[in-house]
Amino acid sequence: MKASEAGAFWERNAETWTRHVRAGYDIYRDALNSPTFLDALPPVDGRRGLDMGCGEGANTRHLARRGARMDGIDIAPTFIRHARAAESAAPLGISYAVADGTSLPFAASSVDFVTAFMSLMDMPDIDGVLAEAWRIVRPGGFLQFSILHPCFSPPHRKVLRDARGETRAVEVADYFNGRHGDIERWGFGSAPPAEKATSPLFEVPRFHRTLSQWVDALVGAGFVLERMVEPCASAELAAAQPVVADTRVVPQALIVRVRRPWGPSGAP
């Protein structure tokens, strides 16, 4: 599957997706994954950053509120339209553009960092995307991204519950069965019944890669691994938001930070 084909699916998803996430139906994102991502982030105040695959811009705005000078790109024009509308309503100095991750409209070594919140896993040509991220990040700068955990969110994942409805295990399978564009159809489970009944299911192309394939791709692009974080809900959060209780058994997501190294003697 080409990036343009994957982008067409996201363009079709974008209107409903924006409405649902802004209504608070993406509990994994709002309650656990994004807060953990931001807690793991190095200081960005005064630095220039790119949010790759920014969607409707919620996390881009979080970064701007931390003092970063942000740009956001997404392949789906509808996402960019909604992100720009939010910027117009409450300006934070963010610029948004429609762009493909394999052809970023930025000069070489022009940003201090790149973020990608749960978006790289949806891009077909990960080698091309990482090469572009390496190109635009200054030497010493970093890329931090989150993805579905390759080990614990492979093509088959099923939460197993006991008689009380509490998570007791997570069943996974097909870890080594790589996928390149298989379409998964699903919706946010936390949406109200009336919303589910009137909203189309999302159609999301799936590009599953093993953990070793991700590491090989990062190293092959020239990055140096710096940190990995596996979001785990606290007992208090799991009690308040039972949908994320499965992350106390195994993680649903993986956060990775890598850096573009300096050259010999600190030279680019």
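Overview of the structure. (Residues numbered from 1 in each chain as written. Predicted model: local features only at pLDDT ≥ 70, side-chain atom pairs only at ≥ 80, totals over all residues. Heavy atoms only, no water.)

1. Some thoughts on the layout of surface pockets
Phase 1 of the analysis: Reported here for the second largest pocket is a volume of approximately 180 Å³.
Phase 2 of the analysis: Along its surface, the second largest pocket is lined by 13 residues, and Arg 29, Asp 30, Ala 58, Arg 61 and His 62 are the ones closest to its centre.
Phase 3 of the analysis: Of all the secondary structure elements, the ones that give two or more residues to the lining of the second largest pocket are α1 (3-22), α2 (27-40) and α3 (58-65).
Phase 4 of the analysis: Residues that form the lining of the second largest pocket fall into these classes: four nonpolar, three polar and six charged. (1 Å grid on protein atoms, 1.4 Å probe; cavity = no way out; pocket = protein on both sides within 12 Å on 5 of 7 lines; lining within 4 Å. Points joined across faces, edges and corners; volume = space filled by probe spheres on them. Helix = DSSP H or I, 4+ residues; strand = E, 2+ residues; numbered from the N terminus. Nonpolar A, V, L, I, M, F, W, Y, C, P; charged D, E, K, R; others polar.)

2. A short note on unusual backbone geometry
Phase 1 of the analysis: Although it is not a glycine, Ser 109 sits at a positive phi angle of roughly 55°.
Phase 2 of the analysis: The backbone of Met 118 shows a phi angle near 50°, a positive value even though the residue is not glycine.

3. Observations concerning empty space enclosed by the protein
Phase 1 of the analysis: Using the criterion set out here, one finds two cavities of 30 Å³ or more in the structure.
Phase 2 of the analysis: Roughly 100 Å³ of volume is contained in the largest cavity.
Phase 3 of the analysis: Together, Met 121, Asp 122, Ile 147, Leu 148, His 149, Pro 150, Ser 153, Arg 206, Phe 207, His 208, Arg 209 and Trp 214 line the largest cavity.
Phase 4 of the analysis: Considered class by class, the residues forming the lining of the largest cavity number six nonpolar, three polar and three charged.
Phase 5 of the analysis: Size it by volume and the second largest cavity reaches roughly 80 Å³.
Phase 6 of the analysis: Trp 214, Val 215, Leu 218, Leu 225 and Val 256 are the residues nearest the centre of the second largest cavity, which is lined by 13 residues in total.
Phase 7 of the analysis: For the lining of the second largest cavity, the elements supplying multiple residues, two or more each, are α7 (211-221), β10 (224-229) and β11 (253-259).
Phase 8 of the analysis: Counted by class, the lining of the second largest cavity contains 13 nonpolar, no polar and no charged residues.

4. Concerning the pattern of salt bridges
Phase 1 of the analysis: Summed over all chains, the structure comprises 16 salt bridges.
Phase 2 of the analysis: Taken together, the shared-partner salt bridges connect Arg 22, Arg 29, Asp 30, Glu 56 and Arg 61 into one network. (Salt bridge = Lys/Arg side-chain N within 4 Å of Asp/Glu carboxyl O.)

5. Let's talk about the sheet that holds strand β3 (residues 95-98)
Phase 1 of the analysis: Pairing in this open sheet of seven strands is mixed, and the strands run β3-β2-β1-β4-β5-β11-β10 from one edge to the other. Two strands lie at the open edges of the sheet, namely β3 and β10, each paired on one side alone. Shown here is a sheet whose adjacent strand axes are inclined to one another by a mean of 20°, direction ignored.
Phase 2 of the analysis: This element, α3, spans β1 (48-52), β2 (69-74), β3 and β4 (111-117) of the sheet and lies at about 170° to β2.
Phase 3 of the analysis: Sheet strands touched by helix α4 (residues 77-89): β2 and β3. Its angle to β3, the strand with the most contacts, is close to 165°. (Pairing = 2+ DSSP bridges. Axes fitted to C-alpha atoms, helices over the stretch in contact; angles between N-to-C directions. Contact = heavy atoms within 4.5 Å.)

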